[in-house]
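# Examining the three-dimensional arrangement
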Amino acid sequence: MAKVMEKESKTMKSGGADKELIGLLNQQVANFSVLHMKLHQHHWFVKGSGFFDLHKKFEELYDEASLTMDEIAERILALKGAPVSTSKEIAAATTLKEHAPLGTAEAMVKSLRDDYVQLIDEFKETMDAAEEKEDEGTHDMLNTMRTTLQKHVWMLDAYLNE
């Protein structure tokens, strides 16, 4: 099962949403925060013949990651929870792994693809939890985001010729 935040008693207000679901959503807020930083790292350090295309694409994707993180955090607030919002909380909640700048554009794209595949799997778990709680709004929001991530994986695989 995915890592769930330990500070749930503080996160939940009386009458709020399910603690497990809020924890899973917070995991994704943390993941998209880390992803946002990793995409900036790729944007800053990419070199080679694909520089212009990838530099621009990584910027597009970190802007998207920021919007996704915000949308999930706002959903948590709508559910009467509290999104993770400090570096310490984010580090405790994320399941994505940080790394030093990668040496090649190909390694950056592969790393990003692998992160997206992980997020797709974790979204499915969170969608299942939302469905179990009959939270159609959260389920639908995550399904739309998951579909976008699946398209990104397809495109990154095409870039890698895989």
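In this report, the structure presented in the accompanying data block is examined. Computed from a predicted structure; not experimentally measured.

### With respect to a negative patch on the surface
Negative charge collects at one region of the surface, where Glu-131, Glu-134, Glu-136 and Asp-140 lie side by side. Positionally, Glu-134 belongs in the loop between helix 5 (105-132) and helix 6 (136-160).

### Looking at the nonpolar core
With 42 residues, the main nonpolar core has Phe-32, Leu-35, Leu-39, Phe-58, Ile-72, Leu-112 and Tyr-116 as its most contacted residues. Within the residue set of this core, elements represented by two or more residues are helix 2 (19-45), helix 3 (51-78), helix 4 (87-93), helix 5 and helix 6. For this core, the element with the most residues is helix 5, which contributes 11 residues. Residue contacts for Phe-32: discarding those within four places in its chain leaves Ala-65, Thr-68, Met-69, Ile-72, Leu-119, Phe-123 and Leu-149.

### Concerning the packing of aromatic side chains
For the coordinates displayed, the defined rule picks out two aromatic pairs. Considering the side-chain rings of Phe-32 and Phe-123, the 6.0 Å spacing of their centres and the 55° angle between planes classify their relative orientation as tilted. Placement of the pair is Phe-32 in helix 2 and Phe-123 in helix 5, with a sequence separation of 91 residues. Of the two residues, Phe-32 and Phe-123, both sit in the buried class. Judged by centre distance (5.2 Å) and plane angle (75°), the ring pair of Phe-51 and Phe-52 falls under edge-to-face. Exposure remark for Phe-51: the relative accessible area of 27% places this residue in the partly exposed category.

### Notes on unusual backbone geometry
Even without being glycine, Lys-80 reaches a positive phi, approximately 70°. By the secondary structure assignment, Lys-80 is in the loop between helix 3 and helix 4. With relative accessibility at 48%, the residue Lys-80 sits in the partly exposed group. Positive phi outside glycine occurs at Glu-134, with the angle close to 60°.

What counts and how
- Sequence order sets the numbering: in each chain, residues are counted from 1 along the sequence as written.
- A pLDDT threshold of at least 70 governs which residues receive local features in this predicted model, and a stricter bar of 80 or more applies before side-chain atom pairs are shown or counted, although totals over entire chains, interfaces and linings include all residues.
- Just so you know, side-chain values use all the structure's heavy atoms and leave hydrogens and water out.
- Patches here: salt-bridge-free residues with over 30% relative accessible area, like charges joined within 9 Å, nonpolar side chains (Val, Leu, Ile, Met, Phe, Trp, Tyr) joined within 5 Å.
- For every accessible area listed, the method is Shrake-Rupley and the probe measures 1.4 Å; residues are considered covered only by the protein chains on display.
- Salt bridges are counted wherever a side-chain nitrogen of Lys or Arg sits within 4 Å of a carboxyl oxygen of Asp or Glu.
- This count recognises Lys and Arg as positive and Asp and Glu as negative, with His and chain-terminal groups excluded.
- A charge is said to be at NZ when it belongs to Lys, at CZ for Arg, at CG for Asp and at CD for Glu.
- Put simply, DSSP H or I for four residues or longer makes a helix, DSSP E for two residues or longer makes a strand, and each gets a number counted from the N terminus.
- In this text, buried Ala, Val, Leu, Ile, Met, Phe, Trp, Tyr and Cys residues form a nonpolar core when linked through side-chain atoms within 4.5 Å.
- Per-residue accessibility, obtained with a 1.4 Å probe over protein chains only, is compared with the maximum for each type, and a residue is labelled buried under 20%, exposed over 50%, and partly exposed between these values.
- Here, two residues are considered to be in contact whenever any of their heavy atoms come within 4.5 Å of each other.
- Pairing of aromatic side chains requires ring centres within 6.5 Å, counting the rings of Phe and Tyr and the six-membered ring of Trp. Pairs whose planes differ by under 30 degrees are stacked, by over 60 edge-to-face, and all others tilted.

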